[in-house]
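Structure assessment
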Amino acid sequence: MGSEHGPAGGTTAPPPHRSETTLRVNGKPHTLTVDHRRVLLDVLREDLDLTGAKKGCDHGQCGACTVLVDGRRVNSCLLLAVALDGCDVTTVEGLSGDGEEPHPLQRAFLERDAFQCGYCTPGQLCSAVGAIAEAEAGHPSHVTDAGAPTGPVPLSREEIRERLSGNLCRCGAYPRIVDAVEDVVR
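The rules behind these values
- Residues numbered from 1 in each chain as written.
- Predicted model: local features only at pLDDT ≥ 70, side-chain atom pairs only at ≥ 80, totals over all residues.
- Heavy atoms only, no water.
- Core = buried A, V, L, I, M, F, W, Y, C linked by side-chain atoms within 4.5 Å.
- Buried < 20%, exposed > 50% of the residue type's maximum accessible area, 1.4 Å probe, protein only.
- Helix = DSSP H or I, 4+ residues; strand = E, 2+ residues; numbered from the N terminus.
- Contact = heavy atoms within 4.5 Å.
- Pairing = 2+ DSSP bridges.
- Axes fitted to C-alpha atoms, helices over the stretch in contact; angles between N-to-C directions.
- Parallel < 35°, antiparallel > 145°, perpendicular 65-115°, else oblique.
- Left-handed = near helix turned anticlockwise from the far one by under 90°.
- Salt bridge = Lys/Arg side-chain N within 4 Å of Asp/Glu carboxyl O.

What about the nonpolar core?
The nonpolar side chains of a soluble globular protein tend to be buried, and buried together. Counting residues in each nonpolar core, the largest one holds 25 residues, and the members touching the most others are Leu95, Leu105, Phe109, Leu164 and Val181. Among the elements of the structure, helix 2 (104-112), helix 3 (121-136) and helix 5 (174-185) are those that each provide at least two residues to this core. The leading source of residues in this core is helix 3, at seven residues. If near-sequence neighbours (up to four positions away) are discounted, Leu164 is found in contact with Arg73, Ser127, Ala128, Ala131, Ile177 and Val181.

Description of the side chain of Thr121
Structurally, the position occupied by Thr121 is in helix 3. Once you skip the residues sitting within four places of it in the chain, Thr121 turns out to touch Phe109 and Phe115.

As for the pairing of strand 6 (residues 72-75)
Of the pairings in the sheet, the one linking strand 5 (residues 66-69) to strand 6 comprises four bridges and is antiparallel in character. Within strand 6, the position partnered with Val69 by the bridge is Arg72.

Observations regarding the environment of Gly151
By the element assignment, Gly151 lies in the loop between helix 3 and helix 4 (157-163). With a relative accessible area of 29%, Gly151 lands in the partly exposed category. Between the C-alpha atom of Gly151 and that of Ala135, which follows or precedes it by 16 residues, the distance is 8.6 Å. In this structure, Gly151 is in contact with Ala135 and Gly138, ignoring residues within four places of it in sequence.

What to know about the packing of helix 3 against helix 5
The angle between the axes and the distance between the axes are what describe a pair of packed helices. Here helix 3 crosses helix 5 at 40 degrees, and the two axes come no closer than 11 Å. By the angle between their axes, helix 3 is oblique relative to helix 5. Crossing of helix 3 over helix 5 shows right-handed handedness. Side by side, helix 3 and helix 5 meet where Gln124, Ala128 and Ile132 of the first sit next to Tyr174, Ile177, Val181, Val184 and Val185 of the second.

A closer look at the pattern of salt bridges
Here the structure, examined in full by the defined rule, presents 14 salt bridges. Among the salt bridges present, the one from Arg24 reaches Asp88, with a minimum N-O distance of 3.9 Å. With a gap of 64 residues between them, Arg24 in strand 3 (residues 18-25) and Asp88 in strand 7 (residues 88-90) connect regions that are remote in the sequence. On the basis of relative accessibility, which here comes to 38%, the residue Arg24 falls in the partly exposed class. Asp88 sits in the partly exposed class, given a relative accessible area of 36%. Overlapping salt bridges bring together Arg112, Arg157, Asp179, Glu182, Asp183 and Arg186 as one network.

Okay, structure coming up:
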């Protein structure tokens, strides 16, 4: 989508409530004219046909819409797409990169049967990728020992549960999700 044509055939700027926004999604740039009120989740699902991230609560409470923006996990239902101009977005569809092989977490989820209905799985996977990166970078969680030396945070079961606590699973597959994340970090 580009600029709009005026009555004389010339080009004009987008209407004042829309802006041209470029997002690099799963390694590919996408330039769109986006209404200022649209959230990233809707742009991903409706404009880019990336339906892995799910619309659950639409209030940032369930985590079904979790994606990575510049490597950090976010609730895409809360972020205005125009505010992310120039950002890198990774959805569950992009976790494996360009390869045919699934991401190690995707393999672990399959091996551990860490999903039942599958609705929360894309958000759980993106959240787990982000949580692992945060721990490797030394970011503490609420349960991290305050007296621990600085550096990467070891991901115990308690750490994994705490770091993934913003992602809800109505089926109750939590123990297997933790098992899958443990398999990858070990």
